[in-house]
Amino acid sequence: MRRSIFVGFHRAASKSLAHTTFTNTTRDKSFTENNAVFFSLCLRWFASSSSSSSSSSVTQREEGYNASSGIASKSSSSVVRCDLRRGGEKSASSSYSHSTETTPTSSGKIRSTKIVDDDMTEQQPKKKNNHVVFVLGGPGAGKGTQCANIVRDYNFTHLSAGDLLRAHMKSGTEDGNMVAQMIKDGKIVPSAVTVKLLLNAMADSKSNRFLIDGFPRNKENRDAWVSEAGYDCDFVLMYDCTEEVMLERLLGRNEGRTDDNVESIKKRFVTFRESSVPVVEFYETLGKVRKVDAIATPEEVYEKTKESFAQFE
Ligand SMILES: Nc1ncnc2c1ncn2[C@@H]1O[C@H](COP(=O)(O)OP(=O)(O)O)[C@@H](O)[C@H]1O
Ligand SMILES: Nc1ccn([C@H]2C[C@H](O)[C@@H](COP(=O)(O)OP(=O)(O)O)O2)c(=O)n1
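Residues numbered from 1 in each chain as written. Chains lettered and ligands numbered in written order. Predicted model: local features only at pLDDT ≥ 70, side-chain atom pairs only at ≥ 80, totals over all residues. Heavy atoms only, no water.

Going by what an unreviewed UniProt entry lists, the protein is known as UMP-CMP kinase and is assigned to Bathycoccus prasinos. Regarding the protein, the UniProt comment filed under Subunit (unreviewed entry) reads as follows: "Monomer." Quoted verbatim from the Function (unreviewed entry) field of UniProt, the annotation for the protein is "Catalyzes the phosphorylation of pyrimidine nucleoside monophosphates at the expense of ATP. Plays an important role in de novo pyrimidine nucleotide biosynthesis. Has preference for UMP and CMP as phosphate acceptors." (UniProt positions renumbered as here; feature names shortened; annotations may be inferred.)

Participant: Before we go on, may I ask you to explain the pattern of salt bridges in this structure?
Facilitator: Two side chains with opposite charge may pair up if their charged atoms get near one another. Taken as a whole and judged by the stated rule, the model has 14 salt bridges. A salt bridge links Asp153 to Arg152; the nearest nitrogen and oxygen atoms lie 2.9 Å apart. The exposure class of Asp153 is partly exposed, given its relative accessible area of 38%. Put simply, Arg273 and Glu243 hold a salt bridge, and the shortest N to O gap is 2.8 Å. Taken together, the residues Arg273 in helix H13 (residues 262–285) and Glu243 in helix H12 (residues 243–251) connect sequence positions 30 residues apart. Taking the relative accessible area as the measure of exposure, Arg273 reaches 46% and is therefore partly exposed. (Salt bridge = Lys/Arg side-chain N within 4 Å of Asp/Glu carboxyl O. Buried < 20%, exposed > 50% of the residue type's maximum accessible area, 1.4 Å probe, protein only. Helix = DSSP H or I, 4+ residues; strand = E, 2+ residues; numbered from the N terminus.)

Participant: Whenever I open this one, the site of ligand 1 confuses me. Can you help?
Facilitator: Looking at ligand 1, the residues that line it are Gly138, Gly140, Ala141, Gly142, Lys143, Gly144, Thr145, Arg249, Arg253, Ala296, Thr297 and Pro298. Arg249 is positioned with one of its side-chain polar atoms (N or O) 3.3 Å from a nitrogen atom of ligand 1. Protein contact buries 75% of the 560 Å² of open area that ligand 1 shows by itself. At a threshold of 2 Å from the grid points, most atoms of ligand 1 map onto the second largest pocket. If one sorts the elements of the shell around ligand 1 by residue count, helix H7 (residues 143–154) sits on top with 3 residues. Classifying every residue of the shell around ligand 1 by side-chain character gives 3 nonpolar, 6 polar and 3 charged. (Near = heavy atom within 4 Å. Polar contact = N/O pair within 3.5 Å; in protein donor to acceptor, adjacent residues only side chain to side chain. Areas by Shrake-Rupley, 256 points an atom, 1.4 Å probe, with all protein chains shown as cover. 1 Å grid on protein atoms, 1.4 Å probe; cavity = no way out; pocket = protein on both sides within 12 Å on 5 of 7 lines; lining within 4 Å. Sits in = over half its atoms within 2 Å of the grid points. Nonpolar A, V, L, I, M, F, W, Y, C, P; charged D, E, K, R; others polar.)

Participant: When you look at the packing of aromatic side chains in this model, what are you seeing that I'm missing?
Facilitator: In this description, an aromatic ring pair is defined by two values, namely the gap between the centres and the angle between the planes. Going through the model one piece at a time under the given rule, you end up with 11 aromatic pairs. When the centroid spacing of 5.5 Å and the interplanar angle of 35° are considered together, the rings of Tyr154 and Phe309 count as tilted. Taken as a pair, Tyr154 in helix H7 and Phe309 in the segment after helix H14 (298–306) lie far apart in primary sequence, 155 residues in all. The buried category is assigned to Tyr154, whose relative accessible area is 5%. Among the residues examined, Phe309 registers a relative accessible area of 0% and is labelled buried. The ring of Phe282 is capped by Lys219, whose NZ or CZ atom sits 4.4 Å from the centre of that ring. Over the ring of Phe235 we find Arg290; its NZ or CZ atom is 3.8 Å from the centre of that ring. (Phe/Tyr/Trp six-rings, centres within 6.5 Å; stacked < 30°, edge-to-face > 60°. Lys NZ or Arg CZ within 6 Å of the ring centre and 35° of its normal.)

Participant: I tried to follow the site of ligand 2 on my own but got confused; where do I start?
Facilitator: Around ligand 2 sit 20 residues in total, of which Lys143, Arg166, Val189, Arg217 and Arg268 are the nearest. Residue Asn221 places a side-chain N or O atom 3.1 Å away from a nitrogen atom belonging to ligand 2. At 3.0 Å, a side-chain N or O of Arg268 approaches an oxygen atom of ligand 2. Looking at the shell around ligand 2 element by element, the count peaks at 4 residues for helix H8 (residues 161–169). Residues of the shell around ligand 2, tallied by class, amount to 7 nonpolar, 5 polar and 8 charged.

Participant: When you look at the UniProt feature "binding site: ATP" (unreviewed entry) in the protein in this model, what are you seeing that I'm missing?
Facilitator: The feature "binding site: ATP" (unreviewed entry), as given by UniProt, occupies Gly140, Ala141, Gly142, Lys143, Gly144, Thr145, Arg253 and Ala296 in the numbering adopted here. Among the residues just listed, Gly140, Ala141, Gly142, Lys143, Gly144, Thr145 and Arg253 line the second largest pocket. Structurally, the position occupied by Ala141 is in the loop between strand E1 (131–137) and H7. Beyond its immediate chain neighbours, meaning those up to four positions away, Ala141 contacts Tyr239, Cys241, Met246, Arg249 and Ala294. With respect to the element layout, Lys143 can be found in helix H7. Not counting residues up to four positions away in its chain, the partners in contact with Lys143 are Val135, Leu136, Gly137, Gly138, Asp213, Gly214 and Tyr239. Looking at Lys143, its side chain comes within polar contact range of the main-chain oxygen of Gly137, at 3.1 Å. (Contact = heavy atoms within 4.5 Å.)

Participant: What exactly am I supposed to notice about the layout of surface pockets here?
Facilitator: Space inside the second largest pocket adds up to approximately 760 Å³. Taken together, 36 residues make up the lining of the second largest pocket; nearest its centre are Lys143, Gly162, Arg166, Arg217 and Arg257. At the level of elements, H7, strand E2 (157–160), H8, helix H9 (174–184), H12 and H13 are the ones that each hand at least two residues to the lining of the second largest pocket. Considering each element in turn, the lining of the second largest pocket owes the most residues, 5 residues, to H8. (Points joined across faces, edges and corners; volume = space filled by probe spheres on them.)

Participant: Explanation requested: the confidence of the model for the protein in the structure shown.
Facilitator: Low-pLDDT stretches of the model should not have their predicted coordinates read in fine detail. With 59% of its residues at a pLDDT of at least 70, the protein reaches an overall mean of 70. Throughout residues 1–125 the model reports pLDDT below 50, and contacts reaching past four residues in sequence, or to other chains, amount to 124 contacts. (pLDDT = per-residue confidence, 0-100.)

See below:
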């Protein structure tokens, strides 16, 4: 904890230095004066924080996150940004435009992986104490089938991203038509559309346990979720299945879907391999993936699934 606070302190100091350097016209004089004042303030701060016990520091920080104070949201966005950079994705600023002064600068100085992961867990506030489980797996792996069992036994609300998108495509709007074409082509619909549908559905629900099925389909989906929802999932339930088995299941599904034909299915498999597998791998680096072998009878798959829900009994 002390180390985390110190890293924040160090970062704020670096940022202040950078700011001073680039904005002062009478650079040398002002630089020296500003930094003398700044470091004197820092020394005072450090002396006072050293005198308080470490347990009270922990309590204060935890309380800060729960209360969603300004300080808490600063720390939180700062940490998520580090994580994004580690994943080598798009620039943090484009994804988190609500960021504040404590956001890491472009100097790219990032904390160690261990500390980032600890902070991910500590700092993401859970809105309304929501529990969110992302359910992933290839097309036809059996996600929807197993979600129905979990809903029955563990009091979860099931939100299928695919179902929400299919309802949306029937709206007849331009947006809906675009979604229809993308689904037929096995493509992933822009995250803004999907995340909005999911968050609206959650807002309409009184539940605080959500199974979000078929989401996030790619890293962009995941980043948009964290940005908009403000928190990550509890864990990812991943149904592992071969394409051969999935193809056979999809061709026998018979739900009248526009994408359950050989041509669309092949495209969906490619999309799954190229976009969805990497997001599962990303969550593996966070230790959040619970894999279930999906090549068995539905009952056997469910027996394995239940192991991940013991905490919800
Ligand atoms: N373990 C299983 N064994 C055999 N068939 C299954 C199994 N799980 C699901 N199915 C069937 O496979 C098809 C696809 O399952 P579904 O749950 O809709 O997959 P997903 O939601 O992952 O696309 C459905 O017709 C379903 O009844
Ligand atoms: N997060 C998501 C989830 C689904 N979609 C689109 C693209 C998918 O091929 C279709 C169908 O998804 P759905 O989860 O219902 O079905 P499958 O797992 O492919 O059987 O919806 C999306 O664009 N983004």
